[in-house]
Each structure stands twice: as C-alpha cells, then as structure tokens.
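Overview (structure and organization)
Here are the chains, one letter per residue:
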Amino acid sequence: MILALSVPAGAVNNDIPSEKIIDGRSVYSYSMDEIQDLLLDFFEENNISLEPGTRAYYSYICEQLLGNTDEELRSSPYWKLFHAYMAVYKNEAELAYWTDYNVSLLIDDYTILSENPVQDFVSDASFLTSTIGSIRNEMLAMDAVAASERETSGISALSSYSASAAIAYAREYALDYNDNYESWTIAQGGDCANFASQCLYAGGKPMRGSCSSSGRYTDTTKWFHLQFGTLIKSYGYTTTWINCGDFKRYWQGKCSGYYLKSSLPDLIETCSAGDIVQLCNEDTIVPYHTIIITYNNGSTIKYCGHSNDRLDEEGTATVLEPTENDFLIFKF
C-alpha cells in the first residue's frame, strides 16, 4: 500500500527538476517494474543470486537502505532509481514478512518462540506499474487531507506528551528490548516503527482501538499494541504501530507539527528532543526508517532506534545522509 505525505503548504516542490534525468528520461517516469529489471541486471553483472519476493532479496534491500553495505550498488548510474524503488518495496514487502502472530512461551527465564510460517512477498500489478512520479503525486495529493485533519480532528485530545519520558524509555530499551512487546528482526519486517510507537506511548500518547485476540490488524484509523497472557504471551497490534508507512499515515494528521526537510542542517534546525523522524526517499517521499531524537543542542543531534539498534547515536551526515534521503519530522 502506498501511503501519503502531509507537509506544510509550499514545503514540497512538485515540479520535476531538469537535472533529475537518467538515460535521457526523468526519474519520475520510471516504473517499479523497469527499475526492478535494472536491479536484476545489476545482480547478474555482479554475480548476486537474489530473486524478488524472497526474504533474502528483502533483507538485501533493508541492508542497503539502513547500512549501505554494497558499494558497487551505490556507484551504479541507476542508484537514484534503486533507492526510490527499495524504499517503496520495503514498505510493500514488510507487511508480508510480519507473521500474523508470534506466541512466546516463558519457561524458567528462557523464552521459546513459536512462529507462524511466512509466505514470500508477491508484488501485485499496481506496485509494478506505478512510477516514481505517480507515487509522489499520490502522496502529495493526500497532503491536504492530513493537513485538514490536524486542524479539525481533535489533536488537543491527543496532545499530552512528555518528551523526557519518551526519551527515557528510548534509552532504556534501545539495546535491551522490552519483552512486553512483540519484536521483529529485519528479516521478519523490522522493528523501527514498533520501537518509535513504544516511545510515543511511554511519552503519554494514548492507544486508539483494541482487539480481543492476537494478530495483526490493518486498520489505519487505530493505533495499539496489546499483550495477551503472561506465561504464554501473544500480541495484537495494528500496522500503524509497526509499519513505517502506516505509522506515517496515522500520525501525520494527528501530530502538532509535521515537516519535510532535505538536509541534515535543516533537520537539526527544525527537530527537538522527543520528536520522531523518518528517513524517506527524496523522490517518492516514501519512508523506510523511523527513529526518535534524544538530544539536540543546535549543532549536534543524537537518536535511538531499532533495526540497526542505536543508543544516543550521533546524527552525522555519514550516518543519516549517505544516500538519497529526506527527513520527515513529527512533533507532538
């Protein structure tokens, strides 16, 4: 599912810059299918055996978005296209890689996990035929809806938030996961939005909605994560709690401030400790990673996050701007 971006009026230029041309074409004209073929050509040229839809393919994409481990890929003339494709693919595929539920059995301080089997991700026609430009336009078209929601949907009722409490929670559980919540490795979908949601809840943001049984609930009007049982644990949660795109879709109309910034200096100037920040692709504006800012002195920021676990990591250009990133800032 492709989700929308909400930004202050005039903050995003929807014109197609003339310099964004690859092989004589605007980057916005390339479809996901075309880019996927280019990526498979790259794999063949570099003797990489990966197939779309497999967990290994998904894990490789996550590694490139979060860690940039393949220097040959980044030096490709199609890297800008690859980064746009990978951000969209990750949001599409990660929903398939979260199991419907995991059951945790605690025996003598040892946790035994029983997982449901997970199918490979199968991309649908709408994903493959969508272009970078159509994805961007769809997201921008929903901007007005979210902006209106921020003005009219009772943000005041959701506004109680302690940044210090959220930061304290982030620091406590950045490296030592809280077993009152389900958690996921990158191969299972990733844990970054899940952790950011936990921080917001610890900071006072109330859950919305509930469930009577374990499982994953795709409802972007709700936001919750509930535990069932103590000895035998299972969990019920919404995709808005655990998925970067659905997290953004839920919160962009309910936060007190929401901004898109294209450089690290602009991010530092705008964000505050306790804000949630998402890294997104600059062309599609699709988010692929979520962190919480824990420190900002006007020149240096630090953050915590899961999926590549980080505890008060300094937000340098090397760490946060190694590729084609923009930043989405959520203020509460």
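The structure we're discussing is the one just above.
The present account deals with the structure reproduced in this document. All values reported here derive from a predicted model rather than from experimental measurement.

What counts as what
- Residues numbered from 1 in each chain as written.
- Predicted model: local features only at pLDDT ≥ 70, side-chain atom pairs only at ≥ 80, totals over all residues.
- Heavy atoms only, no water.
- Helix = DSSP H or I, 4+ residues; strand = E, 2+ residues; numbered from the N terminus.
- Buried < 20%, exposed > 50% of the residue type's maximum accessible area, 1.4 Å probe, protein only.
- Polar contact = N/O pair within 3.5 Å; in protein donor to acceptor, adjacent residues only side chain to side chain.
- Pairing = 2+ DSSP bridges.
- Axes fitted to C-alpha atoms, helices over the stretch in contact; angles between N-to-C directions.
- Contact = heavy atoms within 4.5 Å.
- 1 Å grid on protein atoms, 1.4 Å probe; cavity = no way out; pocket = protein on both sides within 12 Å on 5 of 7 lines; lining within 4 Å.
- Points joined across faces, edges and corners; volume = space filled by probe spheres on them.
- Nonpolar A, V, L, I, M, F, W, Y, C, P; charged D, E, K, R; others polar.

Here we take up the environment of Ser26. Among the structural elements, Ser26 can be located in strand 2 (residues 25-26). Relative accessible area serves as the criterion here: at 17%, Ser26 is assigned to the buried category. Separated by 106 residues in sequence, Ser26 and Ile132 have C-alpha atoms that sit 9.7 Å apart. Separated by 3.1 Å, the side chain of Ser26 and the backbone nitrogen of Tyr28 make a polar contact.

A few words on the sheet that holds strand 11 (residues 301-305). Whenever strands of a sheet pair, they do so through backbone hydrogen bonds, lying parallel or antiparallel. Sheet architecture is open: six strands sit in the order 8-13-9-10-11-12, paired in antiparallel fashion. A strand with exactly one partner marks an edge of an open sheet, and here the two such strands are strand 8 (257-261) and strand 12 (310-314). For this sheet, the mean inter-axis angle between neighbouring strands, taken without regard to orientation, is 30°. Both strand 9 (residues 276-281) and strand 10 (residues 287-296) contribute to a ladder of five bridges, which runs antiparallel. In the sheet register, Val277 faces strand 10, and the bridge partner there is Ile291. Docked against the sheet, helix 9 (residues 192-202) engages strand 9, strand 10 and strand 11, running at close to 40° with respect to strand 10.

Bringing the layout of surface pockets into the picture now. Computed from the structure, the second largest pocket encloses a volume of approximately 200 Å³. Looking at the second largest pocket, it is lined by 14 residues, and the ones nearest its centre are Leu66, Tyr303, Asn308, Arg310 and Val319. At the level of elements, helix 2 (55-66) and helix 13 (317-320) are the ones that each hand at least two residues to the lining of the second largest pocket. Tallying contributions element by element places helix 13 first for the lining of the second largest pocket, with three residues. Residues belonging to the lining of the second largest pocket are distributed by class as follows: seven nonpolar, six polar and one charged.

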